[in-house]
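Commentary on secondary and tertiary structure
Next come the chains, spelled out residue by residue.
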Amino acid sequence: MAPLTSLHRHLWTFMLLLALHLQASASAMVTSALTKALAKPKPVVVHLYDPKPADLKEYALVDVSIACRDAGTTGILTMPELVKGFADEQDDARGSFPGPVPVLVDCGLKDGGLAENVRAATAANIADWKASGASGLGVRYYRADWPDEGALEAELARVVADADAAGLAAILLPEFGTLGEEGAEGASGLAGRVGAAAA
């Protein structure tokens, strides 16, 4: 084999550096389907809830899921019991137009609260939701439940870190308290500090 000429060595060096740069760029650009969807000019996430999810017929869930996709929604926010059904139907649209939309789990920092059916975003629940096909979490919280803002921020940071470890994105959904407190005040700053999006 002939020795490499100076031009060939420079070409190989350039190609290696380009490959490393592209790999680093690709790693930095890996974003979830939810993050991409939220980058749309006017993102619309549809909240789908049923007080008796066990009574829903499969065809009804499929029809609603298709309607959301066809209407151009950015994502579907739904209760944990319905995530798998919506995620499976959306996955069926892979390779079609319009393509699948992300399915988010409607959850909270703690079980219950003002909404009795809200389940806490524990690491175990997050893993289960990911296995069910969720693309992200919609994390509800009431500022009045957290008089210490540092404790609220720490708990949100934990949930976002657990979601990130599972490969899920998180959107913070501040709620209005029964005492009239504005839950959304400062939400975008808080979301930025914990690495989430804010609604």
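Definitions and limits used
- Residues numbered from 1 in each chain as written.
- Predicted model: local features only at pLDDT ≥ 70, side-chain atom pairs only at ≥ 80, totals over all residues.
- Heavy atoms only, no water.
- Helix = DSSP H or I, 4+ residues; strand = E, 2+ residues; numbered from the N terminus.
- Buried < 20%, exposed > 50% of the residue type's maximum accessible area, 1.4 Å probe, protein only.
- Contact = heavy atoms within 4.5 Å.
- Arc of directions from axis to C-beta.
- Pairing = 2+ DSSP bridges.
- Axes fitted to C-alpha atoms, helices over the stretch in contact; angles between N-to-C directions.
- Expected span 1.5 Å × (residues − 1).
- pLDDT = per-residue confidence, 0-100.
- Core = buried A, V, L, I, M, F, W, Y, C linked by side-chain atoms within 4.5 Å.
- Polar contact = N/O pair within 3.5 Å; in protein donor to acceptor, adjacent residues only side chain to side chain.

**A short note on the overall build of the protein**
A tally of helices and strands in the protein yields 7 helices and 6 strands. The N-to-C order of helical and strand elements in the protein reads α-α-β-α-β-α-β-α-β-α-β-α-β. Here the protein holds 199 residues, and the buried ones make up 37% of them. Residue pairs in contact within the protein that sit at least 24 positions apart in sequence constitute 71% of those at least 6 positions apart.

**Quick notes on helix α7 (residues 187-194)**
Burial in α7 covers these residues: Ala-187, Leu-190, Ala-191 and Val-194. Down the axis of α7, the buried side of the element spans an arc of 100 degrees, and every buried residue falls inside it. α7 presents Ser-188 and Gly-192 as exposed residues on the side facing more than 90 degrees away from its buried surface. Check the buried side of α7 and you find it contacts β4 (136-142), α6 (149-165), β5 (169-175) and β6 (197-198). Positive phi shows up at Gly-195, right after α7, with a value of about 85 degrees.

**Quick look at the environment of Cys-107**
For Cys-107, the location among the structural elements is in strand β3 (residues 103-108). In this structure, Cys-107 is in contact with Val-118, Arg-119, Ala-121, Trp-129, Leu-137, Gly-138, Val-139 and Arg-140, ignoring residues within four places of it in sequence.

**Regarding the sheet that holds β4**
Overall, parallel pairing links the 6 strands, which are arranged β1-β2-β3-β4-β5-β6 in an open sheet. Two strands bound the open sheet, and with one partner strand each, they are β1 (45-48) and β6. Bridge count for β1 against strand β2 (residues 75-78) is 4 bridges, and the pairing is parallel. Within β2, the residue paired with Val-46 across the bridge is Ile-76. α6 contacts β4 and β5 of the sheet and is inclined by roughly 170 degrees relative to β4.

**Structural notes on α6**
Between its first and last C-alpha, α6 extends 24 Å over 17 residues, near the 24 Å set by a 1.5 Å rise per residue. Those residues of α6 that sit buried are Leu-152, Glu-155, Leu-156, Val-159, Val-160 and Ala-163. Along the axis of α6, the buried positions cluster into a sector of 135 degrees, meaning they face one direction only. Exposed residues on α6 whose side chains face more than 90 degrees from its buried face are Asp-164 and Ala-165. In this structure, the buried residues of α6 make contact with α5 (123-131), β4, β5 and α7. In the segment just after α6, Gly-167 is the residue with positive phi, at about 85 degrees.

**Describing the confidence of the model for the protein**
Predicted confidence across the protein gives a mean pLDDT of 78, with 73% of residues reaching 70 or more. Predicted confidence for residues 6-31 stays below pLDDT 50, and this span has 3 contacts to residues more than four positions away or in other chains.

**Quick look at unusual backbone geometry**
A cis amide bond links Phe-97 to the next residue, Pro-98, at an omega of -5 degrees. Among the secondary structure elements, Pro-98 is positioned in the loop between α4 (80-91) and β3.

**Some words on the nonpolar core**
Residues Leu-109, Trp-129, Leu-137, Val-139, Tyr-141, Leu-156 and Leu-172 are the most contacted members of the largest nonpolar core, which totals 35 residues. Elements supplying a minimum of two residues to this core: α3 (58-70), α4, β3, α5, β4, α6, β5 and α7. Per-element tally for this core: the top contributor is α6, with 5 residues. Residues in contact with Trp-129, not counting those within four places in the same chain, are Pro-80, Val-83, Val-105, Cys-107, Arg-119, Ala-120, Ala-121, Ala-134 and Leu-137.

**A few points about the side chain of Glu-89**
As for its position among the elements, Glu-89 is in helix α4. Owing to a relative accessible area of 7%, Glu-89 belongs among the buried residues under this scheme. Among the polar contacts made by the side chain of Glu-89, one reaches the side chain of Ser-65 at a distance of 2.5 Å. Ignoring any residue separated from it by four or fewer positions in sequence, one finds Glu-89 in contact with Val-62, Ser-65, Ile-66 and Arg-69.

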